[in-house]
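Structural overview for review
Take a look at the letters that make up each chain.
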Amino acid sequence: MLLQMKVEAPAPLLKVEAPAPLPPPTPIEFPALLPPPSPSTVFDKPWREIDWGNNAKLLKELWEYKPQNEDVRHIRVLVYGPVGAGKSSFINSITTALLGRMAIPAAVNNAQSDEGSFTVQYQTHRIRKRKRRLRDSRTHYPVVFNDIMGLESDQNVGVRAEDIKLAMMGHVKEGYKFNSMTSISPSDPYYNPHPKPDDKVHVLVLLLSANCPETDSSVIQKMKEVRQTARDLGIPQIAIGTHIDEICDEIEKDVKNVYKSKSLKTKMEMFSGEVGIPLNCIMALKNYSGAEMKNSPDMDTLILTALKHMVDFGDDFIEEMS
């Protein structure tokens, strides 16, 4: 007899639900790669110290100065340099700083389309002192400035180096009109055959534009000729860089950065190498030739500091003349 086995039905399969889809991964944001910072255009500390805020002391010293040489009533400063360096603007800026207001005794031309020197005559600029009291009479500062035609690369354009030499020796009279083709001759009515100590130049100032990319070699040669004559005559020489705000943005923002600027220091060292003037006799300033309508104390500090050096050097020179 066969045994019958009871076969149980298989258990139903468990229903396994599919896992819920995972959320998309959150993207990892990496910081954008920034370019390396640009190297600073200024030094942390100035490479030349300036006594900012000392204008009252400078003005007092310049007001009270009197030449000790009885034969010299005033120090004569001859300003020369390439066309466009800002010679006339420089004289105007000195007058502005001394008077405490805008002044334009020397005619200036800012037209960029014009070529050649705007100044064509030998001119003497005297600066009147401000009256301290109503009853005071008008007097002048004992320093005068001679503005001349600018130097140019062409031999027959611009002022001739020989005329600058004769002016330094006092042989050129006020009002002489420069001739690019020939120098003044002893027969010219504007030739001074017997110059007095007052007629001679006591300080020679070379103006150069700091924003000028390069100075023509022929202009540099003319500068060297003038400098050699000044050396032989014993005349003290300084150089001044203008348009400093155009060579460095940080100076344009704040003129107190003048002697922190790396580019200006490089430019002044280049000036020194080209024309042979020691770096400690090269100064920098910004002329009043832009949008300024009133005095800037910091601009005045640079201008008055340069003027004080001129007076000091000139005083040393005329003392040796006596």
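Residues numbered from 1 in each chain as written. Predicted model: local features only at pLDDT ≥ 70, side-chain atom pairs only at ≥ 80, totals over all residues. Heavy atoms only, no water.

1. Structural notes on the packing of helix α1 (residues 55-64) against helix α7 (residues 297-321)
Rule in force here: Axes here mean lines fitted to C-alpha atoms, for a helix over just the part in contact, with angles spanning 0 to 180 degrees between N-to-C directions. In DSSP terms, a helix is any run of H or I states spanning at least four residues, a strand is any run of E spanning at least two, and both are numbered starting from the N terminus. Definitions for this section: a left-handed crossing has its near helix turned counterclockwise from the far helix by less than a right angle. A right-handed crossing has that turn clockwise. Only heavy atoms matter for contacts: two residues are in contact if any of them lie within 4.5 Å across the pair. Gly is placed with the polar residues, together with every amino acid not listed as nonpolar (Ala, Val, Leu, Ile, Met, Phe, Trp, Tyr, Cys and Pro) or charged (Asp, Glu, Lys and Arg).
The geometry of α1 relative to α7 is characterised by a closest axis approach of 10 Å and an angle of 35 degrees between their N-to-C directions. Here the hand of the crossing between α1 and α7 comes out left-handed. Contacts between α1 and α7 pair Asn55, Leu58, Leu59, Glu61 and Leu62 from the former with Pro297, Asp300, Thr301, Leu304, Thr305, Leu307, Lys308 and Val311 from the latter. Grouping the constituent residues of the contact of α1 with α7 by class yields seven nonpolar, three polar and three charged.

2. Section: a positive patch on the surface
This is how the line gets drawn: Within the patch definition used here, like charges are joined within 9 Å and nonpolar side chains (Val, Leu, Ile, Met, Phe, Trp, Tyr) within 5 Å, considering only residues with over 30% relative accessible area and no salt bridge. Values of accessible area rely on a 1.4 Å probe in the Shrake-Rupley scheme; residue burial ignores everything except the protein chains shown. Salt bridge, as used here: a side-chain nitrogen of Lys or Arg that lies within 4 Å of a carboxyl oxygen of Asp or Glu. Only four residue types enter the tally: Lys and Arg on the positive side, Asp and Glu on the negative side; His and the chain ends are excluded. Lys charges are placed at NZ, Arg charges at CZ, Asp charges at CG and Glu charges at CD.
Side chains of Arg101, Arg128, Arg130, Lys131 and Arg138 sit close together on the surface and give a patch of like positive charge. Take arginine 128: it is sitting in strand β2 (residues 123-128).

3. Quick notes on the pattern of salt bridges
Definition in use: Throughout this description, buried means an accessible area under 20% of the type-specific maximum (1.4 Å probe, protein chains only), exposed means over 50%, and partly exposed covers the range between.
For the coordinates displayed, the defined rule picks out twelve salt bridges. With its nearest N and O atoms 2.7 Å apart, the salt bridge here joins glutamate 61 to lysine 57. Taken together, the residues span about one helical turn, with glutamate 61 and lysine 57 both in helix α1 at a distance of four residues. Lysine 57 sits in the partly exposed class, given a relative accessible area of 46%. Here lysine 165 ties to glutamate 225 by a salt bridge, and the two come within 3.9 Å at their closest N and O atoms. On the criterion of sequence distance, the pair formed by lysine 165 in helix α3 (residues 161-168) and glutamate 225 in helix α4 (residues 217-233) is long-range, its members being 60 residues apart. Of the residues examined, lysine 165 reaches a relative accessible area of 17% and is grouped as buried. Residue glutamate 225 is classed as partly exposed on the basis of its relative accessible area, which comes to 28%. Residues joined by salt bridges that share partners form a network here, namely Lys57, Glu61, Lys308 and Asp312.

4. Details of the environment of tyrosine 122
In this fold, tyrosine 122 is placed in the loop between α2 (87-99) and β2. For the pair tyrosine 122 and lysine 173, spaced 51 residues apart in sequence, the C-alpha separation works out to 7.4 Å. Beyond its immediate stretch of four places on either side in the chain, tyrosine 122 contacts Arg76, Leu78, Asn146, Asp147, Ile148, Ala167, Val172, Lys173, Glu174, Gly175, Tyr176 and Phe178.

5. Focus on the pairing of strand β3 (residues 140-147)
Defined as follows: Two strands qualify as a pair provided DSSP detects at least 2 bridges between them.
The element β3 is extensively covered by neighbouring structure, given that seven of its eight residues are classed as buried. Here five bridges tie strand β1 (residues 75-80) to β3, and the two strands are oriented parallel to one another. From the neighbouring strand, valine 77 faces β3, where its bridge partner is phenylalanine 145. By the bridge criterion, five bridges tie β2 to β3 in an arrangement that is antiparallel. Opposite arginine 126, over in β3, you have valine 144 as the bridge partner.

6. Structural notes on the sheet that holds strand β5 (residues 237-242)
Pairing is mixed in the open sheet, where six strands are placed in the order β2-β3-β1-β4-β5-β6. Looking at which strands have only one partner, the edges of the open sheet turn out to be β2 and β6 (282-284). Here the average twist between neighbouring strands, direction ignored, is 25 degrees. One ladder, built from six bridges, connects strand β4 (residues 203-209) with β5; its direction is parallel. Paired with serine 209 across the two strands is threonine 242, which belongs to β5. Lying on the sheet, α2 is in contact with β1, β2, β3, β4 and β5; it crosses β3 at an angle near 165 degrees. Lying on the sheet, α7 is in contact with β1, β3, β4, β5 and β6; it crosses β1 at an angle near 120 degrees.

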